[in-house]
Amino acid sequence: MTSMDNLRADQDVVELNVRAKAVMKELGIPTVDLHSAIVRKCGIVPQSSCLGIDNCFSPHCAQAGYDWLANSTIVPALDKIVFPSRSQQ
């Protein structure tokens, strides 16, 4: 079971993400919100499928989940962090 098919588990993930983001902000460390990206793509919790795959809620499924998350969210976020001048063009 993933957090995305269980409302209570998802609430725990959201709360822990809020806490982690606050700590990282205090330390000046950028973060990438993967949870929100997944919810925008697949819908609000609970869900039983994502990316057209049953029992999947990206990235907790086949390679397709990891590929989608990397290409749609992680790489663009890292690009902005590493090359901030590119994101302003």
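Refer to the structure presented above.
Residues numbered from 1 in each chain as written. Predicted model: local features only at pLDDT ≥ 70, side-chain atom pairs only at ≥ 80, totals over all residues. Heavy atoms only, no water.

What follows is about the nonpolar core. Among the nonpolar cores identified, the biggest contains eight residues, and these are Ala-37, Ile-38, Cys-42, Cys-50, Cys-56, Cys-61, Trp-68 and Leu-69. When residues of this core are traced back to their parent elements, those giving at least two are helix 2 (34–42) and helix 3 (63–82). For this core, the element with the most residues is helix 2, which contributes three residues. (Core = buried A, V, L, I, M, F, W, Y, C linked by side-chain atoms within 4.5 Å. Buried < 20%, exposed > 50% of the residue type's maximum accessible area, 1.4 Å probe, protein only. Helix = DSSP H or I, 4+ residues; strand = E, 2+ residues; numbered from the N terminus.)

It is worth spelling out unusual backbone geometry at this point. With an omega dihedral of 5 degrees, the bond running from Val-45 to Pro-46 counts as a cis peptide bond. Note on placement: Pro-46 falls in the loop between helix 2 and strand 1 (49–50).

Here the focus is the side chain of His-35. Structurally, the position occupied by His-35 is in helix 2. Here the side chain of His-35 touches Asp-10 through a polar contact of 2.5 Å, side chain to side chain. (Polar contact = N/O pair within 3.5 Å; in protein donor to acceptor, adjacent residues only side chain to side chain.)

Once that is clear, we can look at the environment of Cys-56. Residue position: Cys-56 is located in the loop between strand 2 (53–54) and helix 3. Cys-56 gets classed as buried once you look at its relative accessible area, which sits at 1%. When the C-alpha positions of Cys-56 and Cys-42 are compared, they lie 9.8 Å apart, and in sequence the two are 14 residues distant. Dropping the residues within four chain positions of it, Cys-56 is found in contact with Ser-48, Ser-49, Cys-50 and Cys-61. (Contact = heavy atoms within 4.5 Å.)

For the rest of this paragraph, the subject is the state of the cysteines. Under the counting rule described, the total for this entry stands at one disulfide. Linked covalently through their sulfurs, Cys-42 and Cys-50 form a disulfide whose S-S length is 1.5 Å. With respect to class, Cys-42 is no different from Cys-50; both count as buried. (Disulfide = S-S within 2.5 Å.)

Next up on the list: the pattern of salt bridges. Considering all chains together, one arrives at two salt bridges under this definition. Between Asp-12 and Arg-8 there is a salt bridge whose closest N-O contact spans 3.0 Å. You can see Asp-12 and its partner Arg-8 sitting in helix 1 (residues 7–27), four residues apart, about one turn around the helix. Arg-8 sits in the exposed class, given a relative accessible area of 54%. (Salt bridge = Lys/Arg side-chain N within 4 Å of Asp/Glu carboxyl O.)

We now examine the packing of helix 2 against helix 3. Between helix 2 and helix 3, whose axes approach to 10 Å, the crossing angle comes to 120 degrees. Helix-helix and strand crossings are classified by hand; for helix 2 and helix 3 the assignment is right-handed. Across from Leu-34, Ala-37, Ile-38 and Lys-41 in helix 2, the residues of helix 3 making contact are Trp-68, Leu-69, Thr-73 and Ile-74. For the contact of helix 2 with helix 3, the class distribution of residues is six nonpolar, one polar and one charged. (Axes fitted to C-alpha atoms, helices over the stretch in contact; angles between N-to-C directions. Left-handed = near helix turned anticlockwise from the far one by under 90°. Nonpolar A, V, L, I, M, F, W, Y, C, P; charged D, E, K, R; others polar.)

These results come straight from atomic positions and should not be treated as a statement about function.
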